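# Report on the structure
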Amino acid sequence: MRGIMRIRNPFLYAIVALVITGAGAAAAGAQAQEPATGANAAADAAPAADTVPVTTSSADARLDYEHALLYHEDLLFVDKGLVSLRKAVKADPHFALAHAMLAYFTSDPMEERREYALAEKYIAKASPDERLLVRWIDGAKNGGLVPAIAAMNDLLAKYPNDKRLANMAAEWLCSNQAAYEHGERILKNVLQKDPTYFPALNNLAYCYALSGQPSLAPPLMDQYVAALPAQPNPQDSYGEIMRMLGDYPAALEHYSKALQIDSSFNTSQVGLASTYALMGDQQRARVEYLKAIAGTKERATKLDYRILWAMTYYRENQLERGSREFAKLAVEAHAADLPVEEAEIHRDMALFNPDPRAALRDLDAGRQVLTENHEISQGSREIELANILQTRAFITERAGMADATQKALKPLTAMSQTSRSNLVQQSYHSANGAALMTEEKYDDAIPELMEDPQNPLSLTLLAEAQSKAGQPVDAQKTLTTLAAISDERVETAFAVPQARAALKENSVTGGQAGGH
Amino acid sequence: MKFVIEKILGVTFEEGKAILNDPSRKITAPVVFVSSDEEVIKIVESSPGAIGVVDVYNITSGVKVIKIDDKQPFDPGYSLKGH
């Protein structure tokens, strides 16, 4: 198990910065900004220890914090890590770094917002380097990427022997930013200094798998498993890697071994369930999902697993049953005040609704949830709204409702002009591509859709645009990329079976890709 | 960084490099090519007025990131983004 599930990015691009002399300016706009120090100044100032200092007045809180990082970052017992962080902030309510870490790792939007506010409130009590760390993790999650990257690099320069810090940075770069080369370089450097630092081995394997070098991942997993035979995460990671590579029997085998080692390692339980779902055995998947649901106390995680459980009905084309289960979940999400999940549930229902006009009503319901007064961060609200509008553009394009596609694009265009979120930008490009397709401007739609290369809906449209623009080889490549996606997202459940069927049909008829 | 030269000068990277290295170029500021972003950052940090081009993931707080058309890297419409 490792971080947020992403898929390989086949259309990588680089962003460069123009830089001039001027210490501290990269962090402009950051809160709790330090007096200008500069990276070299930071690197030159010898740190008192090998690791970033941790400021707390409580020995218990310090111990809980250390346990939390050991569980969450090294051994990947995610729920246990969260429990330890909560204990740490309880033992020392002024512990800014623990508040920030809890905000970063939690899946609960209310907790995230509350803990970021507390981290900001007590940040002045922390050391300058802890403030840099908070600036990085806050910026990384909330869109202040330029100061976040500068803070991360300053810390890496100042603490070259802090393996956990380097591992966290590389994980963020590979899993969240698709900055694979950077992540790989950091991880290789860590492993060169300490070949037994296994969390880095784990992340390097994921980095390879995500960056399109999947054959490099299994040998690292073999090392990881051999080195920690009594730990469940190496087997769990191996399972996830094999599932990403489409080898479902091997994935099942590794997930099962992880559960034999520790039956409470719940990420393997859900991994097992999702692998059955991807294999098409929905009945078995449901049985396994129910065990995963019972195995977590995190309320947002529990609901996420229940969404996956309900999705099995859609996967086996039981659309009415699926909608019934999803409607129940929407009511429960509302009662539990989990608005992002509630909006997502309506979006999932829309995607599988065979009636486009009814699907638009589902999406309206999701959008309505986001306009209500809920305790969620602006970033989470914005990303889900962008997802809803992107899905709306997709559904209306498929249904030939060109005016409705333009209507979905309009608010996304406005959002894209102010938001620094990559996800919002990608949703905008996808919706714009869909709108251009309604005007039969396929050549113009292609580069727009290529800006959202991780979304199965955009890849579906891209394959068709390429086909209609007279690029059958590219269309076939896109369809092959899409068909190879093996993850738990609703977009995958919707689009990948269609892509696989189209590929199969093409291989029989020798026809072009992208038609539906 | 090849695409930056290609984008700004509208020529291939090698042609662009030759243009920028041409000693007859009527400009006082020299153009220096170094082998890594870390070197660029070091040179820019220690040379007031110098401008460097680096991958955004290599920036540090020792340098100032210049806005282009009032946009920072990752802002919508930022121009120095490419394959």
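Residues numbered from 1 in each chain as written. Chains lettered and ligands numbered in written order. Predicted model: local features only at pLDDT ≥ 70, side-chain atom pairs only at ≥ 80, totals over all residues.

Counting its regular elements, chain B contains 3 helices and 3 strands. From first element to last, N terminus to C terminus, chain B shows the α and β order α-α-α-β-β-β. The C-alpha extent of chain B, read off along each of the three principal axes, is 35 × 30 × 20 Å. Expressed as a percentage of its 83 residues, the buried residues of chain B come to 24%. Here the analysis covers contacts within chain B between residues at least 6 apart in sequence; of these, 12% occur between residues at least 24 apart. (Helix = DSSP H or I, 4+ residues; strand = E, 2+ residues; numbered from the N terminus. Buried ≥ 20, exposed ≤ 12 C-beta atoms within 10 Å, placed from the backbone. Contact = placed C-beta atoms within 7 Å.)

Across its full length, chain A holds 26 helices and 1 strand. Here chain A has a C-alpha radius of gyration of 23 Å; the compact-globule value for 516 residues is 24 Å, and the two agree. Based on the C-alpha atoms only, the size of chain A along its principal axes is roughly 65 × 55 × 45 Å. Within chain A, the fraction of its 516 residues that count as buried is 55%. Across chain A, the fraction of contacts at a sequence separation of at least 24, relative to all contacts at a separation of at least 6, is 56%. (Rg over C-alpha atoms; globule rule 2.2 N^0.38 Å.)

With that settled, consider the domain arrangement of chain B. Each assigned domain of chain B is listed with its residue range as follows: domain 1 (1-32) and domain 2 (34-83). Each of domain 1 of chain B and domain 2 of chain B was reduced to a C-alpha centroid, and the two centroids are 17 Å apart. (Domains from an automatic or database assignment.)

Residue and element names in this part refer to chain A. Taken N-terminus to C-terminus, the directions of helix H15 (residues 282-294) and helix H16 (residues 299-315) make an angle of 170 degrees; their axes are 9 Å apart at the nearest point. When the interaxial angle is binned, H15 and H16 end up roughly antiparallel. When H15 is examined against H16, the residues Gln-282, Ala-285, Arg-286, Tyr-289, Leu-290, Ala-292 and Ile-293 are found in contact with a partner set consisting of Lys-302, Tyr-305, Arg-306, Leu-308, Trp-309, Thr-312 and Arg-315. Taken together, the residues of the contact of H15 with H16 break down into 8 nonpolar, 2 polar and 4 charged. (Axes fitted to C-alpha atoms, helices over the stretch in contact; angles between N-to-C directions. Parallel < 35°, antiparallel > 145°, perpendicular 65-115°, else oblique. Nonpolar A, V, L, I, M, F, W, Y, C, P; charged D, E, K, R; others polar.)

Let us look at the environment of Phe-326 of chain A. Residue and element names in this part refer to chain A. Following the sequence through the fold, Phe-326 ends up in helix H17 (residues 319-335). According to the C-beta neighbour criterion, Phe-326 is buried, with 21 such atoms within 10 Å. In this structure, the C-alpha to C-alpha distance between Phe-326 and Tyr-314, residues 12 residues apart in sequence, is 9.9 Å. Residues within four places of Phe-326 in sequence aside, it is in contact with Ala-310, Ile-345, Asp-348 and Met-349.

Here we take up unusual backbone geometry. All names here are of chain A. The backbone phi angle of Asp-337 is positive, close to 55 degrees, even though this residue is not glycine. The backbone of Glu-440 shows a phi angle near 60 degrees, a positive value even though the residue is not glycine. For Glu-440, the position within the fold is in the loop between helix H22 (422-438) and helix H23 (442-450). The exposed category is assigned to Glu-440, around which 12 C-beta atoms lie within 10 Å.

Turning next to the environment of Ala-49 of chain A. Of note, Ala-49 of chain A is situated in the loop between helix H1 (39-44) and helix H2 (59-75). Sequence-wise, Ala-49 of chain A and Asp-162 of chain A are 113 residues apart; in three dimensions their C-alpha atoms are separated by 9.2 Å.

Here we take up the packing of helix H18 (residues 339-351) of chain A against helix H19 (residues 356-371) of chain A. All names here are of chain A. Interhelical geometry of H18 versus H19 gives an angle of 170 degrees and a closest axis separation of 8 Å. In terms of axis orientation, H18 runs roughly antiparallel to H19. The segment H18 lies against H19, with Pro-339, Glu-342, Ala-343, His-346, Arg-347, Met-349 and Ala-350 engaging Ala-359, Asp-362, Leu-363, Ala-365, Gly-366, Val-369 and Leu-370. For the contact of H18 with H19, the class distribution of residues is 9 nonpolar, 2 polar and 3 charged.

Attention now goes to the environment of Arg-357 of chain A. Inspection of the secondary structure assignment puts Arg-357 of chain A in helix H19. Given 12 C-beta atoms within 10 Å, Arg-357 of chain A falls into the exposed group.

Attention now goes to the confidence of the model for chain A. Close inspection of predicted coordinates is inappropriate for parts of the model with low pLDDT. Residues and elements named next belong to chain A. In this model, chain A carries a mean pLDDT of 88, and residues with pLDDT of at least 70 account for 90%. Contacts of residues 3-11 to residues separated by more than four positions or lying in other chains number 23 contacts, the stretch itself having pLDDT below 50. Segment residues 24-44 is flagged for pLDDT under 50; beyond a separation of four residues in sequence, or across chains, it makes 54 contacts in the model. (pLDDT = per-residue confidence, 0-100.)

It is worth spelling out the confidence of the model for chain B at this point. Here chain B averages 82 in pLDDT, and 93% of its residues register 70 or above. Here the predicted complex carries an ipTM of 0.86, next to a pTM of 0.79.

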